[in-house]
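# Architecture at a glance
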Amino acid sequence: MSEKSLAEEVFEIVREHHAFRSCSLNLIASENITSREVRRLLTCDMGHRYAVGFLYERMYRGCEYIDKLEELTHFLARKLFRVEHVNTLPVSGTVANIVAIGAFTRPGDTMMGLSVMDGGHSSFREVSRYHGVSMVPIPFNAEEYNIDVDQTRKMIAKVMPKMVMLGASELLFPQPVKEISETASNVGATVVYDAAHVLGLVAGGCFQDPLREGAEVVTGSTHKTFFGPQGGIILCKRQHGENIDRVALSMINNHHINRVAALAYTLAEFLAFGQEYSRMVVSNAQALAESLYNNGINVICADKGFTRSHQVIFRVEEGTALEVSKSLEKANIITSMTPLPTDKSEAMASGIRLGVQEVTRLGMGRDEMSLIGSLIARVVKSPDSTSDVKEEVKDLVGRFRSIHYTFSDNEPAYEWD
Ligand SMILES: Cc1ncc(COP(=O)(O)O)c(C=O)c1O
């Protein structure tokens, strides 16, 4: 095969991906879809450039408009999140966590965070390990599906961590930020809240407001419930700004400035539409959970109203979560597995985690959630139904072809090239 045909094959593969995704129902809780303008900005010349150094104090020349852009981005983020300081260097949520752990701990220190089995992200465990910091798991109450406040307070007093990392990858309910922050401040620990998943809901005022509840720093991904480009962000009180900026700059030489342009546009979209969107996300998640439950699926936390975020989690009762996620994929319903606190190990995960933020951005509402719940239940109960369900999925997504909660109407969702 010639180099040219190999190069053309790249386009072919991407076209096939688009064709597949445009007739699938994406319920991965950590993804979303961007507006056409955000996608345009991702291809701009700034994606070819460096801007090493602090704002207006660059080591490279040629950054006049990049400085203007970053100043505008920080202004928009400060306004949206009502925060004193912003850092947009992290190219992902994991990188934002690396910076926060680097800023508030030294090798030999102790930090606390949820274990992966209880919904914590692997970056808490892995980054602390590489940084020579021991991570003590935050005690979790599996029945409440939330942090065990009393046990956590005792543990903080005992291990005297330098940092407590709140937030999680499986996050159905607001966490007790206020209670944990009070105890953490008694031992001089900095509370960081990882809002990777719920950043869009925090921005829209629909989940919890960690900075006003006691957290001093928030890290996040800008592409999950926050429907921006893939990337990371750090929000913090003024007194931590210099430390965060210094550590971020020492670690991140290349921060993908086209991403910053796309992020700035999304911040403006959120200022205009974020409240309406995030209210709809939470309402849709609750509607999907109810539908699944009414169709006989073991949705967790039924006694607590299932969820207050974008996520819905159900326990697989027959077969494995891996098998069920594969059957759903055959019906063009894209989901992911997740370990539940009572599972024996991460490898033996029995949960399926769903997120409704992308389908909400396509304009779906509670009626569609009710239909999706019944389609999922049919596949879970009888995997033979996948081909029938697939046709219904195609029909459903065929009716929702454009991006909502943005400045122009009828923006095509998955079309490309
Ligand atoms: C709680 C949490 N933190 C951090 C991350 C990592 O974010 P990213 O994929 O942007 O690196 C994730 C990823 O899903 C997450 O769930």
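Residues numbered from 1 in each chain as written. Predicted model: local features only at pLDDT ≥ 70, side-chain atom pairs only at ≥ 80, totals over all residues. Heavy atoms only, no water.

This part is about helix α12 (residues 321-330). All of the buried residues along α12 are A321, V324, S325, S327 and L328. Seen from one end, α12 has its buried residues packed into an arc of 160°, which puts them on one side. The elements touched by buried residues of α12 are β15 (333-334), β16 (336-338), β17 (351-355), α14 (366-381) and α15 (386-398). (Buried < 20%, exposed > 50% of the residue type's maximum accessible area, 1.4 Å probe, protein only. Helix = DSSP H or I, 4+ residues; strand = E, 2+ residues; numbered from the N terminus. Arc of directions from axis to C-beta. Contact = heavy atoms within 4.5 Å.)

Moving on to the site of the ligand. In the vicinity of the ligand lie 13 residues, with G93, T94, S169, D194 and S221 positioned nearest. H223 is positioned with one of its side-chain polar atoms (N or O) 3.4 Å from an oxygen atom of the ligand. A distance of 3.2 Å separates an oxygen atom of the ligand from a polar atom in the side chain of K224. Isolated, the ligand exposes 390 Å² of accessible area, and the fraction of that covered by the protein chains is 86%. Judged by the proximity of its atoms to the pocket grid, the ligand belongs to the second largest pocket. When the residues that make up the shell around the ligand are grouped by side-chain class, the tally is two nonpolar, nine polar and two charged. (Near = heavy atom within 4 Å. Polar contact = N/O pair within 3.5 Å; in protein donor to acceptor, adjacent residues only side chain to side chain. Areas by Shrake-Rupley, 256 points an atom, 1.4 Å probe, with all protein chains shown as cover. 1 Å grid on protein atoms, 1.4 Å probe; cavity = no way out; pocket = protein on both sides within 12 Å on 5 of 7 lines; lining within 4 Å. Sits in = over half its atoms within 2 Å of the grid points. Nonpolar A, V, L, I, M, F, W, Y, C, P; charged D, E, K, R; others polar.)

In this section: α14. Taking 1.5 Å per residue as the helical rise, α14 with its 16 residues ought to reach 22 Å, and the 23 Å between its terminal C-alpha atoms agrees with that figure. Of all the positions in α14, only E368, M369, I372, G373, L375, I376, A377 and V379 are classed as buried. (Expected span 1.5 Å × (residues − 1).)

This part is about the layout of surface pockets. Empty space within the largest pocket amounts to approximately 850 Å³. The wall of the largest pocket is formed by 29 residues, among which H18, N32, I33, T34 and R39 lie closest to the centre. The set of elements that each furnish at least two residues to the lining of the largest pocket consists of α1 (3-21), β1 (25-26) and α2 (36-42). Across the lining of the largest pocket, the residue classes break down as nine nonpolar, 11 polar and nine charged. (Points joined across faces, edges and corners; volume = space filled by probe spheres on them.)

Here seven strands make up an open sheet; going across it, the order is β4-β12-β11-β10-β9-β5-β6 and the pairing mixed. Here the strands that pair on one side only, and so sit at the sheet edges, are β4 (85-87) and β6 (134-137). Going from strand to strand, the sheet's axes swing by 20° on average, the running direction of each strand aside. Two elements, strand β5 (residues 110-113) and β6, share four bridges in a ladder whose sense is parallel. Paired with M111 across the two strands is M135, which belongs to β6. Packing of helix α3 (residues 64-81) onto the sheet brings it into contact with β4 and β12 (232-236), and relative to β4 it is tilted by some 125°. (Pairing = 2+ DSSP bridges. Axes fitted to C-alpha atoms, helices over the stretch in contact; angles between N-to-C directions.)

Let us look at the packing of α14 against α15. As a packed pair, α14 and α15 sit with axes 10 Å apart at the nearest point and diverge in direction by 160°. One element, α14, and the other, α15, form an angle in the roughly antiparallel class. Note that α14 runs across α15; the crossing there is left-handed. Facing E368, L371, I372, L375, R378 and V379 of α14, the residues of α15 in contact are T386, D388, V389, E392, V393 and L396. Residues belonging to the contact of α14 with α15 are distributed by class as follows: seven nonpolar, one polar and four charged. (Parallel < 35°, antiparallel > 145°, perpendicular 65-115°, else oblique. Left-handed = near helix turned anticlockwise from the far one by under 90°.)

Let us look at empty space enclosed by the protein. A probe matching the size of a water molecule, rolled over the atoms, marks out where space remains unfilled. Within this structure, the stated rule accounts for one cavity of 30 Å³ or more. Here the largest cavity defines a volume of roughly 50 Å³. Considering only residue class, the lining of the largest cavity consists of seven nonpolar, two polar and two charged.

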